[in-house]
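Residue-level structure breakdown
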Amino acid sequence: MALLEVKNLDVRFAVRGGDLTALRGISFTLDKGERLGLVGESGAGKSVAAFSILNLIAKPGYIAGGQILFEGRDLAAMSERELRKIRGNRIAMIFQDPMMTLNPVLTIGTQMVEAILAHRKISKKEARAIALDRLQKVQIPSPEKRLDQYPHELSGGMRQRVIIAIALLLDPEIIIADEPTTALDVTIQAEIMDLLLNLCEQENVALMLITHDLGVVSQVTQRMLVMYSGRIIEQGPTREIINDAQHPYTQGLINALPQMGEPGARLFQIPGSMPSLKNVPTGCPFHPRCSFATDHCKRAMPEYVRSGNVDVACYEVANLIEQEKRMQEAES
Amino acid sequence: MLAFLVQRISQAVLVMFVISLIAFAIQDGLGDPLQEMVGMSVSAEEREAIREELGLNDPFLVQYLRFAGKAVQGDLGNSYFYSKPALEVIAEHLPATLELVIGASLMIIFLSVPIGVYAAIRPQAWLSKFFMGVSTVGISIPVFLTAIVLIQLFSIGVTVSWFPDDTGWGQWLNDFFTTEGGLPSYGRGDDLVHLFGTWESGLFTAEGLAHLILPCVSLASIMLPLFIRLIRAEMMEVLQSDYIRYARAKGLAAGRINFLHALKNTMLPVITVGGVQIGIMVAYTILTETVFQWPGLGLMFLEAITRSDIPLIVAYLMVVGLIFVITNTLVDLIYGLVNPTVKLTGKKA
Amino acid sequence: MTTATVSRWDRFRESFFWYSFKRDKVAVISFVVLMLMVLSAVFAPLLAPADPYDLAQIDILNSELPPVGLDGSDPAFPLGTDAQGRDLLSTILYGTRVSLMIGFGAVVLQAVLGILFGLLAGYLGGKIDAVLMRIADVQLSFSTLMVAIIVGAVFKASFGNLMFGEIAIYMLIFIIGVAEWPQIARTVRASVLAEKKKEYVDAAKVMGFGTPRIMFRHILPNTLSPIFVIATVQIANAIISEAALSFLGLGMPETQPSLGSLIKSGFDYIQSGSWWITLIPGLVLVVLVLVINLLGDWLRDVMNPRLYKG
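All figures in this text were calculated on a predicted structure; none of them were measured in a lab.

**What to know about the overall build of chain A**
Across its full length, chain A holds 13 helices and 12 strands. Radius of gyration (C-alpha) of chain A: 21 Å, near the 20 Å computed for a compact globule of 332 residues. Oriented by its inertia axes, the alpha-carbon framework of chain A measures out at about 75 × 50 × 45 Å. Taken over 332 residues, chain A has a buried fraction of 43%. For chain A, contacts bridging at least 24 residues in sequence account for 62% of all contacts bridging at least 6.

Okay, structure coming up:
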């Protein structure tokens, strides 16, 4: 059994004049100690997916259907009380902007100790010792001093180290990291990402990494999901997708990466932009930007088809597989 | 800390200088002190002699410096009406106003925080909507009108006979809308306790407290809706912030999130705005004290205006200016102590 | 920016405006009530049964008659009479007229001062900004009502009661306008600071337009929505300030009453049981201020750019 199994998750936003669908039919799994990448443009629903796992979607968003099975228990159907025992304890989160994540009027120590005391019946002193240990693990200089400092006294990189330390406080099974380095200076992004990966590996924590950076995903994750307009359009082993992307959108994303060692080469661009939630096109949401689009694509959302170890939702890919199969049959 | 104090004190001196200049200009430009001091029978020559003697013919700057020099020594001239030092008159009236302001402030703090927080946490609850509706209406009612309605209801009393008296429900409704009245609505009562100096307090006797009720409720009524709306708005904004969502992601209990993480951040802007509101409250004491004939500074000031008691008007302006300067400094100091991102140098770190 | 896009944008906004107005029952009711009050105030000379300014029409024997429905009422005076025997309905109609005139007048003055100083402070910055905003800060910390009371007291003392009574309307417009300008100036300054950074201002500068032209023709139109919102609320505040000043005897004289001075003159008779002289004008004042505030709240909701997020 997978550690985390999301089945057919639907998330909607209740707004004036009806609901907007933010996530539709999201299904994926995460195994113990696995590193999973979640990529897509901004607005594709990556963050919504990340936050919906612990039911932390901002209002007016709500989970409209599906299951989120963590060790077999459905988080989507759990009471707030039960869910609280899992948040921060079994599944920890790392937010995007370390400047906004820590409470400006409470000391680092307070914010670390309270997280421990929310889940463990131990003394403040013991909790403080754990906090200190985790600060040492994230290699923060003079950790003892940090406990009594306020967030504004720390740099962005240090704050993100603190947040990683908080994520590790209670030895969680899963860490969900929502663009953990995007808000940082480019020079320290790699440093923080290395730290996070090393610690996850050391402690055997599963990592769900949300990012728009295909480069990072290809380097650090074992499996990846590609999201577009609230749907997963392709998922499978990272290496297979990067080397041989099936979905036209994924291909576009990969072609849009600047190629190393090819100075002067034109950057590829996917024409158009992702539709807003308010006017998602019928059928395959990518069809207005897709050069392979047919009338069929406008009519209905394609089902997933399997190509190698990759699941893809695309009629064109399905057709190709079908043709290949027929050719093989014809040969034999 | 020292730098902060020096900066604040120099600012305060500057503000007091401007206020004293305005106050003196009023004194200089307004009315003729001679008219108040001597009768109609005095001849023009005699008047001129007295003017010269009093220094009223000196240039503006000389007169101002004399005025300022005396003011620093605590001499703001004699009140025409009371025929004693204006500051002494103010000292006699100050305690009544202070007790009124303290009573109203306590009511505001102990009601606005819980109501504002509740309305922010449960914006959809009918009780929240009720509180917000009442405060919208409350903001539109001038303080003197609230005071008049309170007097009608709880001092004079209202007898309602709109419903048929021979049915049980009619009688019940009539009784429900009928108010007894009887609460005092005039002055502070006779049963005051002498504390020290000029401080006669009404806080320690049943009669004194009874006299405080209606004026305090009136004064509080104008600020309460403002504070409820302010606290609710700030709290709702704070609740949207990333660090609150992060606190939830850490698995903290709702109580800790709302009352520590959110409330502490909510109170920062509320403290600043609250400091400004103290100034507005002083203005409202003039209205409240007029309605209730409360023998405080506000009533004294208004009477001084009708009596053209210029030294007393000027002294009032100076003292009120001083109160503003002191409270604003205190508010900044408290803000600096509560907000860790402000170092007490007056600048954001 | 071409004219076609501007008018289309305007049309869109008007339609959104209209749409959210229709949806909001509170806004519609407030607007209707306000319009009724404004119209009956404007046409008070035609609607009022009596002219309260005309001493010949007043009979002191009719004083303190209660409203219709109470013992001893006279159908000729539907809302009763005041202590001088004036028809309360008529004095209220005329009083609403005076209150509204002062409210609008004071806000026009505030807007002129506030926009001018706000634009100067925000656009020019530097010393002008520092001085203007310092004055605004001190004035606000002293509270606008306090400033108005002091200025009113000084004026009254220097003009004398009689003279002050004659020009009271203009005095009050001046006093309230001057006391409240920082409210609008701050709003304007804040939006100017935000607008100043935008590209179209740079573009206008590059095209060689002069500072006044950029300030009034380019930046000002883009700060109008917040000014509009705050001006609405300020009308309500000005009406309350006027009532407060009149209640303290620093405003309209009893011979030319506003709602505030009606409440004041009635207050002296509340202990003798004639509650209507003070409470009926009081109710009218509250309704007037309430509907303006409710419309202001609605405007704030509709125009607040934060709500456009989604």
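**Observations regarding the interface of chain C and chain B**
Contacts between chain C and chain B engage 33 residues on the former and 32 residues on the latter. Per element, the largest residue contribution to the side of chain C that touches chain B is 9 residues, and it comes from helix α13 (residues 276-303) of chain C. A class-by-class count of the residues in the side of chain C that touches chain B yields 26 nonpolar, 7 polar and no charged.

**Some remarks on the sheet that holds strand β2 (residues 18-30) of chain A**
Residue and element names in this part refer to chain A. Pairing is antiparallel in the open sheet, where 4 strands are placed in the order β2-β1-β4-β5. The open sheet has two free edges, formed respectively by β2 and β5 (73-74), since each of these has just one partner strand. Across 8 bridges, the pairing between strand β1 (residues 4-15) and strand β4 (residues 61-70) is antiparallel. By the bridge assignment for β4, Glu5 is matched with Leu69.

**Quick look at the nonpolar core**
In terms of nonpolar packing, the biggest core is built from 254 residues, with Ile175 and Met208 of chain A, Ile313, Ala315 and Tyr316 of chain B together with Ile149 of chain C touching the most fellow members. Counting residues per element, this core draws most heavily on helix α4 (residues 88-124) of chain C, which supplies 16 residues.

**Notes on helix α12 (residues 259-267) of chain C**
Among the 9 residues of α12 of chain C, 9 are classified as buried, and the element is accordingly described as predominantly covered. Of all the residues in α12 of chain C, the buried ones are Leu259, Gly260, Ser261, Leu262, Ile263, Lys264, Ser265, Gly266 and Phe267 of chain C. On its buried side, α12 of chain C packs onto α7 (143-156) of chain B together with α4, α11 (224-247) and α13 of chain C.

**A look at the UniProt feature "transmembrane region" (unreviewed entry) in chain B**
In the numbering used here, UniProt assigns the "transmembrane region" (unreviewed entry) feature to residues 12-30, 100-121, 130-163, 209-231, 266-287 and 313-338 of chain B. A helix fraction of 100% and a strand fraction of 0% characterise residues 100-121 of chain B, whose end C-alpha atoms lie 32 Å from each other.

**Section: the sheet that holds strand β10 (residues 231-237) of chain A**
Residue and element names in this part refer to chain A. Taken together, the 8 strands give an open sheet; going across it, the order is β6-β7-β8-β3-β9-β10-β12-β11, and neighbouring strands pair in mixed fashion. What marks the edges here is a single partner per strand, and that holds for β6 (91-94) and β11 (304-307). Here the average twist between neighbouring strands, direction ignored, is 20°. Where β11 lies against strand β12 (residues 310-313), 4 bridges are found, and the strand directions are antiparallel. Paired with Val305 across the bridge in β12 is Val312.

The rules behind each value
Residues numbered from 1 in each chain as written. Chains lettered and ligands numbered in written order. Predicted model: local features only at pLDDT ≥ 70, side-chain atom pairs only at ≥ 80, totals over all residues. Helix = DSSP H or I, 4+ residues; strand = E, 2+ residues; numbered from the N terminus. Rg over C-alpha atoms; globule rule 2.2 N^0.38 Å. Buried ≥ 20, exposed ≤ 12 C-beta atoms within 10 Å, placed from the backbone. Contact = placed C-beta atoms within 7 Å. Nonpolar A, V, L, I, M, F, W, Y, C, P; charged D, E, K, R; others polar. Pairing = 2+ DSSP bridges. Core = buried A, V, L, I, M, F, W, Y, C linked by C-beta atoms within 7 Å. UniProt positions renumbered as here; feature names shortened; annotations may be inferred. Axes fitted to C-alpha atoms, helices over the stretch in contact; angles between N-to-C directions.

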